[in-house]
Amino acid sequence: MSSSIEVVAADAAGDAAGWAAANREHLKAVVAEHGSAVVRGLGLRDADTVGSVFRALTGSLMAEKEAFAPRWNYSDGVYSSSKWPPNQPMCMHHELSYSLEFPSLMLFACLSAPDRGGATAVSDSPTVLDALPADLVERFEREGWLLTRNYNDEIGVPYAEAFGTEDRCAVENYCRANGIAFEWQADGGLRTRQRRSAVITHPGAGRRCWFNQIAFLNEWTMAPEVREYLVEVYGPEALPFNTAFGDGEPIGEDVVQLLNKVYEANTVREPWQAGDLMLVDNIRTAHSREPYEGAREVLVGMGDPVRLADCAPTVQTHG
């Protein structure tokens, strides 16, 4: 069953959080059936109301760690969308799929809809998995995928922001506890490597899911002019982030294009309207952010955390 975006009408009568609490189980059942849902009629207009709605719908909101792009933090567990150029897409991915703990439920709230584009589109990961070449899937199942990151103060997110501390010992302890190899650079920056499973099993539905950020965080997904500039300035080994096969072999442009092509063939979208709430099963369903024009303000929450170890990972976790 492929993902679809079910639109649910809400009659909140001015009490969005109360309506969300009363309809929590129904909404989770809709997401379990369809992979995602848009709730229309809550009239979400400010971060405080959004936070109340998010907390009414999830047992636990996560604090983000290992962020790859800056966000504003409105309150505990309530963030802005990642700061990303409006004219550049954020291609399909599963939030924090490079972490040992990740949200099973993504929550999005639209305070201001863009004039054009900007949808948070979705794609069904079991369907994507079935559509990929068997030999490619087999290799990623056997080897996993490797994420390399270079944290510095010039581009992307500095390590202090990504890990929530400037204490190098605390960063090192986090890395050791989370299967991340690390190396401090002469300029004070930090380079990390972590290997993760590309295919996991949904802990609720029991379905195998293509669950990763292999394409999104790969150099070949960047706009050509952006990639060329970054390679020229930082060198190919010092890009802010990049992905490889689990054995360290670079992933070719052809593979990345194939992954993005399969995602696009299985993408559905519902244009944002101001006040909308969107719920996405983060394990079953990848999501993206499409290019846009005009003002767009979408708040994000990451709910109901799940550990990778509980999702039948196919490779041993280590840096």
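For the structure, check the block above.
What you see is a predicted model, and the numbers here were worked out from it, not measured in a lab.

A. Region of interest: helix H3 (residues 47-57). Among all positions in H3, only Ala47, Val50, Gly51, Val53, Phe54, Ala56 and Leu57 are buried. N-capping of H3 is provided by Asp46, with a side-chain oxygen placed 3.2 Å from the backbone N of Asp48.

B. Focus on the nonpolar core. One finds Phe102, Phe140 and Trp210 to be the most contacted residues of the largest nonpolar core, which totals 58 residues. The element contributing the most residues to this core is helix H9 (residues 253-265), with five residues. Leaving out residues up to four positions away in the same chain, Trp210 has contacts with His94, Ser125, Val128, Leu129, Leu132, Phe140, Ala198, Val199, Leu259 and Tyr263. Counting 27 residues, the second-largest nonpolar core is a separate cluster that includes Ala12, Leu27, Val30 and Val31.

C. View of the pairing of strand S10 (residues 181-184). By the bridge criterion, four bridges tie S10 to strand S11 (residues 190-196) in an arrangement that is antiparallel. Residue pairing across strands places Phe182 opposite Thr192, the latter belonging to S11. Counting the residues in the hairpin turn of S10 and S11 gives five residues, including Gly188, whose phi is positive at 95°.

D. Layout of the sheet that holds strand S17 (residues 285-289). Taken in spatial order, the four strands line up as S5-S17-S8-S15 in an open sheet, and their pairing is antiparallel. In this open sheet, the two edge strands, each paired with only one partner strand, are strand S5 (90-93) and strand S15 (267-268). Where S5 and S17 come together, two bridges link them in antiparallel fashion. Across the sheet, the residue bridging to His93 is His287, located in S17.

E. The environment of Glu161, seen in detail. Looking at where Glu161 falls in the secondary structure, it is placed in helix H6 (residues 159-163). Residues Glu161 and Glu66, spaced 95 residues apart in sequence, show a C-alpha to C-alpha distance of 8.4 Å. When residues no more than four places from it in sequence are discounted, the contact partners of Glu161 are Pro70 and Arg71.

F. Inspection of the pattern of salt bridges at higher detail. Going through the model one piece at a time under the given rule, you end up with 18 salt bridges. The partner of Glu293 in a salt bridge is Arg116, with the nearest N and O atoms 3.5 Å apart. In this pair, Glu293 sits in strand S18 (residues 292-293) while Arg116 sits in strand S7 (residues 116-117), placing the two residues 177 residues apart along the sequence. Between Arg227 and Glu219 there is a salt bridge, and its shortest N-O distance comes to 2.8 Å. We classify Glu219 as buried; its relative accessible area is 14%. Within the structure, one salt-bridge network assembled from shared partners comprises Glu138, Arg139, Arg142, Glu143, Asp247 and Glu249.

G. Highlighting unusual backbone geometry. The phi angle at Leu96 is positive, at roughly 55°, despite the residue not being glycine. Summarising the element assignment, Leu96 is placed in the loop between S5 and strand S6 (101-112). The exposure class of Leu96 is buried, given its relative accessible area of 4%. Its identity as a non-glycine residue notwithstanding, Asp304 has a phi of 50°, on the positive side.

H. Just the side chain of Asn152, in detail. Inspection of the secondary structure puts Asn152 in the loop between strand S9 (145-151) and H6. Residue classification places Asn152 among the buried positions, given a relative accessible area of 15%. Apart from the residues lying within four places of it in its own chain, the contact partners of Asn152 are Val157, Pro158 and Tyr234.

Procedures and definitions
- Counting restarts for each chain, with residues numbered from 1 along the sequence as it is written.
- It should be noted that, the model being predicted, local features are given only for residues of pLDDT at least 70 and side-chain atom pairs only at 80 or more, the latter also being counted only at that level, while totals for whole chains, interfaces and linings use all residues.
- Heavy atoms throughout the structure, all of them, feed into the side-chain values; hydrogens and water do not.
- Only protein chains enter the accessibility calculation, which uses a 1.4 Å probe. A residue is then buried if its area is under 20% of the maximum for its type, exposed if over 50%, and partly exposed in between.
- Per the convention used, a helix needs a DSSP run of H or I reaching at least four residues, while a strand needs a run of E reaching at least two, with both numbered from the N terminus.
- Within 3.5 Å is the distance limit for a polar contact, defined as a pair of N or O atoms, with the added protein rule that one can donate a hydrogen and the other accept it, and that residues adjacent in sequence qualify only through two side-chain atoms.
- Take the buried residues of types Ala, Val, Leu, Ile, Met, Phe, Trp, Tyr and Cys, join any two whose side-chain atoms come within 4.5 Å, and each joined set is a nonpolar core.
- When checking whether two residues touch, look at their non-hydrogen atoms; a contact exists if any pair is within 4.5 Å.
- DSSP-based pairing: two strands are paired if at least 2 bridges between them are found.
- By salt bridge we mean one thing: a side-chain nitrogen of Lys or Arg within 4 Å of a carboxyl oxygen of Asp or Glu.

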